[in-house]
Amino acid sequence: QVQLVESGGGLVQPGGSLRLSCAASGFTFSSYSMSWVRQAPGKGLEWVSHINSGGASTYYADSVKGRFTISRDNAKNTLSLQMNSLKPEDTAVYYCAKYLGSWAYDYWGQGTQVTVSS
């Protein structure tokens, strides 16, 4: 069965960095594009970043562009999100998601909490 397991969240001060990871299993990871999506307290889901199956093409929301970097290791079935210059407004639960196409996702991880606060 498909499993996506996020890790790496935590509490960090503004301006700090965190690296999120998503361990994938149960499907051919290298064949699918993947995304990171977040949900801030009391708000809806916000798409953060996307990477194609081979890792050559990446996309970012304007709110994180220049601060976040998405990457993947297809040999290790791992998706990552390097987050630098974190702001309080980045506080959210971060999810990795398997892209189905047409802006749809068919599997999600359980999420990892990121809190940016002094």
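Described in the following lines is the structure provided in the data block. (Residues numbered from 1 in each chain as written. Predicted model: local features only at pLDDT ≥ 70, side-chain atom pairs only at ≥ 80, totals over all residues. Heavy atoms only, no water.)

A word on the nonpolar core
Generally speaking, a soluble globular protein has its nonpolar side chains buried in company with each other.
At step 1: Membership of the largest hydrophobic core comes to 28 residues, with the highest contact counts inside it found for Trp36, Phe68, Leu79, Leu81, Met83 and Tyr94.
At step 2: For this core, the secondary structure elements donating two or more residues are strand E3 (18-25), strand E4 (34-39), strand E5 (45-51), strand E7 (68-73), strand E8 (78-83), strand E9 (92-101) and strand E11 (112-116). (Core = buried A, V, L, I, M, F, W, Y, C linked by side-chain atoms within 4.5 Å. Buried < 20%, exposed > 50% of the residue type's maximum accessible area, 1.4 Å probe, protein only. Helix = DSSP H or I, 4+ residues; strand = E, 2+ residues; numbered from the N terminus.)

Quick word on the packing of aromatic side chains
Two aromatic rings are characterised by how far apart their centres lie and by the angle between their planes.
At step 1: In the structure shown here, the tally under the stated rule is 6 aromatic pairs.
At step 2: Here a set of aromatic residues connected by ring pairs shows up, and it is made of Tyr95, Tyr99, Tyr105 and Trp108.
At step 3: Against the face of Phe29 rests Arg72, its NZ or CZ located 4.2 Å from the ring centre.
At step 4: The positively charged end of Lys98 is found above the aromatic ring belonging to Tyr32, 3.9 Å away from the centroid. (Phe/Tyr/Trp six-rings, centres within 6.5 Å; stacked < 30°, edge-to-face > 60°. Lys NZ or Arg CZ within 6 Å of the ring centre and 35° of its normal.)

A few points about the pairing of E5
Each regular strand shows side chains that alternate between the opposite faces of the sheet.
At step 1: In this structure, E4 lies alongside E5, joined through 6 bridges in antiparallel fashion. Bridge assignment links Trp36 to a residue of E5, and that residue is Ser49.
At step 2: As consecutive antiparallel partners, E4 and E5 are separated by 5 residues, and within that stretch Gly42 has a phi angle of approximately 75°, a positive value.
At step 3: Two strands pair when backbone bridges link them, and E5 and strand E6 (residues 58-60) are joined in this way by 3 bridges, in the antiparallel orientation. Looking across to E6, one finds that Ile51 is bridged to Thr58. (Pairing = 2+ DSSP bridges.)

What about the environment of Glu46?
At step 1: By the element assignment, Glu46 lies in strand E5.
At step 2: When its relative accessible area of 29% is taken as the criterion, Glu46 is described as partly exposed.
At step 3: For Glu46 and Trp36, which are 10 residues apart along the polypeptide, the C-alpha to C-alpha distance reads 8.9 Å.
At step 4: Setting aside chain neighbours within four positions, we find Glu46 in contact with Val37, Arg38 and Ser63.
At step 5: A polar contact is formed between the side chain of Glu46 and the side chain of Ser63, at a distance of 3.2 Å. (Contact = heavy atoms within 4.5 Å. Polar contact = N/O pair within 3.5 Å; in protein donor to acceptor, adjacent residues only side chain to side chain.)

Let's talk about the pattern of salt bridges
At step 1: Using the criterion set out here, one finds 5 salt bridges in the structure.
At step 2: Taking the shortest distance from any N to any O, the salt bridge between Arg38 and Asp90 comes out at 3.0 Å. You can see Arg38 sitting in strand E4 and its partner Asp90 sitting in the loop between E8 and E9, a full 52 residues away along the chain. The burial state of Arg38 is the same as that of Asp90; both residues are buried.
At step 3: Lys65 serves as the salt-bridge partner of Asp62, at 3.2 Å between the closest nitrogen and oxygen.
At step 4: Through salt bridges with shared partners, a single network forms among Arg38, Glu46, Arg67 and Asp90. (Salt bridge = Lys/Arg side-chain N within 4 Å of Asp/Glu carboxyl O.)

Observations concerning the side chain of Thr78
At step 1: Considering the arrangement of structural elements, one finds Thr78 in strand E8.
At step 2: A polar atom in the side chain of Thr78 sits 3.0 Å from the backbone oxygen of Lys76.
At step 3: Other than its neighbours up to four places away in sequence, Thr78 contacts Ser21, Cys22, Phe29, Ser71, Arg72 and Asp73.

Comments concerning unusual backbone geometry
At step 1: Its identity as a non-glycine residue notwithstanding, Asn77 has a phi of 55°, on the positive side.
At step 2: The phi dihedral of Ser102 falls on the positive side, at around 55°, and the residue is not glycine.
At step 3: Topologically, Ser102 is positioned in the loop between E9 and strand E10 (104-108).

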